[in-house]
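Descriptive analysis of the structure
The chain contents come next:
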Amino acid sequence: MMSRSGWGVVGSWLLLLSAGFFIVGDVSAQQQEQARLEELRAQLKSRQQTLKANQANAEELQAFLAESEKEIGRAAAALNQTQQSLAHNREQQQQLENEQQTLKQAIVDQQDLLASQLRSAFMAGHYDYAKMIFYQEEAKSFERVLMYYKYVSKARQREITRFKKNVARLEAVTRELQDKASELQQLLQQQQGQKAELLARQQDREQTLQKLNQKIASDAARVKEMEASEKALIAAIEAARRAAERAKTKLAGLQKQKGKLTVPAQGKVRRLFGSRRQGQVRWKGVVIEASEGSAVKAISHGRVLYADWLKGFGLVTIVDHGKGFMSVYGHNQALLKQAGDKVGNGESIALVGQSGGQSYPNLYFEIRHKGKALNPASWLDL
């Protein structure tokens, strides 16, 4: 009989051995990932050198910024998905390890029980049933002994069946753990590559943003940029509103939830609505200072009408809540939902970022009713 410590040593050895084989076998994959990353860095460096040589104007730089921030969004979304897969993998491994320990203990207990049953049968002695039938002086004990043996035999058979099932399941669980260990190694390598890609793209964005800010350094130029950005957002909202009217989706709106709506991100809320931003441009929403990559959540259930990049607001999601109500989420690092997707109250729809040329991570948030901006502070549960 294998001891409990023996099971642990064998299980650990199998896991380490399988992980070791995986790592050795995946060296070429690591090399391919590194080569791909080096190629990406070379492409981004070439792009920055081209921008510097051409002395691109503000519009061209905006186009480069848009492309860069969209690429960051795709990389961040992929990284977010990998991190969720890693968390799920570790949770599954923990469940399997718990089951493995339970099975090992059950097998040890069943071995002890079977040994006890065998000892009891041996101590009870051996009976010749035919002899008891022909010699009546011993027949009086026949029925009692027969019932005893049937009981012991059935109990022993049940335990043997359970024992075999547990051993088979233990073998299956051990194989599953080996598979999960291999999958974990692959996910960790994937995560490492995605983080490196994200960093490279963020550095490219910073260089492009610096060039753009140099082009629009004057107050007049900045006001002009803000006005153009606001027009772009209003146009996107108007297009989304018309799309919502055509869709005729039956949604309840937000009126009954005023003052109770879910805050879309965890962080400091800057209540800027109505205050002067620059020149004649005023704030139409609030800014929530939050950690980069943290979740942006829908304030209520609805349907995504817009999910794309907008000048000045970066990666933007617009959600229709019905009866003319919409919520707007800007400056995102990545968009997790696409136009047409249904979303639930509190569901993650994006990741906090600094797209749209922002210098620090935050969420820009608006609530609109039939196109008119409403003060979010009156609607959110702050």
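Overview of the structure. (Residues numbered from 1 in each chain as written. Predicted model: local features only at pLDDT ≥ 70, side-chain atom pairs only at ≥ 80, totals over all residues. Heavy atoms only, no water.)

Let's shift gears to the nonpolar core. Ranked by internal contacts, the top residues of the largest apolar core, which has 29 residues, are Ile299, Tyr329, Ile349, Phe365 and Ile367. Elements represented by at least two residues in this core include exactly β4 (286-289), β6 (302-310), β7 (314-322), β8 (325-335), β10 (348-352) and β11 (362-369). Formed by 17 residues, the second largest nonpolar core is a distinct cluster that contains Leu233, Ile237, Val287 and Phe313. (Core = buried A, V, L, I, M, F, W, Y, C linked by side-chain atoms within 4.5 Å. Buried < 20%, exposed > 50% of the residue type's maximum accessible area, 1.4 Å probe, protein only. Helix = DSSP H or I, 4+ residues; strand = E, 2+ residues; numbered from the N terminus.)

So, about the layout of surface pockets. Taken as a whole, the largest pocket holds about 550 Å³ of empty space. Lining the largest pocket are 24 residues; nearest its centre among them are Met226, Arg277, Gly356, Gly357 and Gln358. Broken down by secondary-structure element, the contributors of at least two residues to the lining of the largest pocket are α3 (58-124), α6 (142-215) and α7 (219-247). The leading source of residues in the lining of the largest pocket is α7, at four residues. Here the lining of the largest pocket spans two domains, since at least three of its residues come from each of domain 1 (59-216) and domain 2 (219-378). (1 Å grid on protein atoms, 1.4 Å probe; cavity = no way out; pocket = protein on both sides within 12 Å on 5 of 7 lines; lining within 4 Å. Points joined across faces, edges and corners; volume = space filled by probe spheres on them. Domains from an automatic or database assignment.)

What follows concerns empty space enclosed by the protein. This structure, assessed with the given rule, holds one cavity of 30 Å³ or more. Roughly 60 Å³ of volume is contained in the largest cavity. For the lining of the largest cavity, the secondary-structure elements that each account for two or more residues are α7, β3 (281-282) and β11. Residue composition of the lining of the largest cavity, grouped by class: six nonpolar, no polar and five charged. (Nonpolar A, V, L, I, M, F, W, Y, C, P; charged D, E, K, R; others polar.)

By the element assignment, Pro376 lies in the segment after β12 (372-374). For Pro376, a relative accessible area of 0% corresponds to the buried category. Placed 92 residues apart in sequence, Pro376 and Lys284 show a C-alpha to C-alpha distance of 9.1 Å. Discounting chain neighbours no more than four positions away, the residues touching Pro376 are Phe273, Gly285, Val286, Phe365, Glu366 and Ile367. (Contact = heavy atoms within 4.5 Å.)

Fair warning: the whole summary comes from geometry, so function is off the table for now.
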